[in-house]
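# Structural overview for review
Letter by letter, the chains look like this.
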Amino acid sequence: MKTRISVHRDFRIGRIDDRLYSAFIEHMGRAIYGGIYEPGHPNADANGFRKDVLQFVKDLKIPAIRYPGGNFVSAYRWEDGIGPRDQRPVRLDLAWRSKETNQIGINEFAQWAGMAGIEMMLAVNLGSRGLDDARNFLEYVNFPGGTTLSDLRQSHGANAHGVKMWCLGNEMDGPWQIGHKTAVEYGRLANETAKAFKGFDPTIEAIVCGSSNDRMPTYPEWEREVLEECYENVDHISLHKYFGNTSHDTLNYFGKIEETGRYIQTIGGVIDYVKAKKRAKNDVGICFDEWNVWYHIREEDGRRIKSWDWPEAPALLEETYNFEDALFVAGLLNEFIRRSDRVRIACIAQLVNVIAPIRAEKNGPAWRQTIYYPYQFASLYGRGDALNIAVDCPTYDCATADDVKYLDVAGVHNAEEGMVTLFVLNRHLTEAADIDVALTGFAGASLSLHIAYEGHDLRTGNGPDQPDRIVPGPGQGIAMQDGALRGKVAPLSYHVIRLSVQ
């Protein structure tokens, strides 16, 4: 398969917000208890945090993390997770039909996030609660001292956390949500909450709920109606989307990446329409704060939730990802880079155990799933200016999209480092791709790094007994020749190619 790729220094999409490579973690299943926190584990520190999990998290260089939900937040009482642990109440979590012990609350999570070098993005309960509880939470978390709530936090041994990103509820368009509202009801509440938060601190970024997914019957009217109520006072609107391959049609699965691009483009158009209608001066970005593959055991877990009797931290949504999922995640991250003029923040959902790149057994080992690696590579090497790359290659049609390019390429120029990084995915099932990359405006380019993720069975993944069965390795067969990058990439493979440039 012959391909031609054009990379030009001056053809840029825009500056990538580092928060494009953020994460999400919820009080759900074993994400918190048995994930990041397991007192008594051989690898636990004095505070009960698992050091093996923490190291895997640190290696991802995650900029920000959304917490504590998710569906969980729509009935959450933040006050339950503060103060002496032996006095904290045990509550029923209606979202996931389990018990919440509240042994991890905002101050403990802030401590863990600080250890991991991650900025917090907090969600407030606008489902069963409202404006007063949200502003009290903000004061407890952020005010330095001298008020009842800030002094209360200080008495709990915590300084002000200085959280700048606040999610105004979660998936409020969903009938499954506790406190579900219509778009106008929610938009008015979100507007008043955002006004209060910005009255406290005008540098706060408010994130309003968009559609739970692009299959919702209210999509995209929901976004329009919500933004018409709150546009001038919010900074981002959230999108959520999960993916699967229940039909075991690999090419159609990969085509869903194009579908995601249409989703982003549509909501971008809604944002522009509302901005024009309101004659607003501010811009609203997209926060794609829940995305991942989720289908392997989704139906099975749905049945189990209905049958179990309110357990504590049950095993839930513990997907085992295969190599096909890793290739899909690689392509989706490429799409986020290409859409980074719209998508400012994106959060893989979730981080540990629950539909996550990191898994950890109780009293046992932790390991990296197949999807960990493309996420890590994008986070490490995908910072800078997104390049508008032209790719000429064969295409295919499928149920979810037409004219899908077999070769998916995203590129980033980091001028400070003097590096251009190409993320190359060959989606073809059987044919290698001969690549010929023309580099314009980049003098003295030389190959600095080539990582290849290739040669694995699509249905195979990693596990506690074989944690390194599916891992990337050094790439071969690509080199600079006469000022161009040339070589061959195998079918069903993903490559990270870094060029040192002047």
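An account of the accompanying structure is given in this report. (Residues numbered from 1 in each chain as written. Predicted model: local features only at pLDDT ≥ 70, side-chain atom pairs only at ≥ 80, totals over all residues. Heavy atoms only, no water.)

### Regarding the packing of helix α6 (residues 221–230) against helix α7 (residues 250–278)
- Viewed as axis vectors pointing N to C, α6 and α7 meet at an angle of 35°, and their least axial separation amounts to 10 Å. Crossing of α6 over α7 shows right-handed handedness. Counted together, E223, R224, L227 and E228 of α6 and I267, V270, I271, Y273, V274, K277 and K278 of α7 form the full contact between these two elements.
- Classifying every residue of the contact of α6 with α7 gives six nonpolar, no polar and five charged. (Axes fitted to C-alpha atoms, helices over the stretch in contact; angles between N-to-C directions. Helix = DSSP H or I, 4+ residues; strand = E, 2+ residues; numbered from the N terminus. Left-handed = near helix turned anticlockwise from the far one by under 90°. Contact = heavy atoms within 4.5 Å. Nonpolar A, V, L, I, M, F, W, Y, C, P; charged D, E, K, R; others polar.)

### Observations regarding the pattern of salt bridges
- As enumerated under the stated definition, the model contains 45 salt bridges in all.
- Salt-bridge contacts for K241 lead to D214; the nearest nitrogen and oxygen are separated by 2.8 Å. Here K241, found in strand β10 (residues 236–243), pairs with D214, found in the loop between β9 (205–209) and α6; they are 27 residues apart in sequence, far enough to count as distant.
- Overall, D214 belongs to the buried group, its relative accessible area being 12%.
- The partner of D283 in a salt bridge is K275, with the nearest N and O atoms 2.5 Å apart.
- The exposure class of D283 is exposed, given its relative accessible area of 58%.
- Shared partners join several salt bridges into a network, and the residues in it are E258, E335, R338, R339, D408 and R427. (Salt bridge = Lys/Arg side-chain N within 4 Å of Asp/Glu carboxyl O. Buried < 20%, exposed > 50% of the residue type's maximum accessible area, 1.4 Å probe, protein only.)

### So, the sheet that holds strand β26 (residues 493–500)
- Overall, antiparallel pairing links the seven strands, which are arranged β2-β15-β19-β20-β26-β22-β23 in an open sheet. Each having just a single partner strand, β2 (12–15) and β23 (473–474) make up the two edges of the open sheet.
- Pairing of strand β22 (residues 446–453) with β23 involves two bridges; the strand directions are antiparallel. Following the sheet pairing, A452 is matched in β23 by G473.
- Sheet contacts for helix α9 (residues 323–338): β2, β15 (385–387), β19 (407–414), β20 (419–426), β22 and β26; angle to β19, the most-contacted strand, approximately 50°. (Pairing = 2+ DSSP bridges.)

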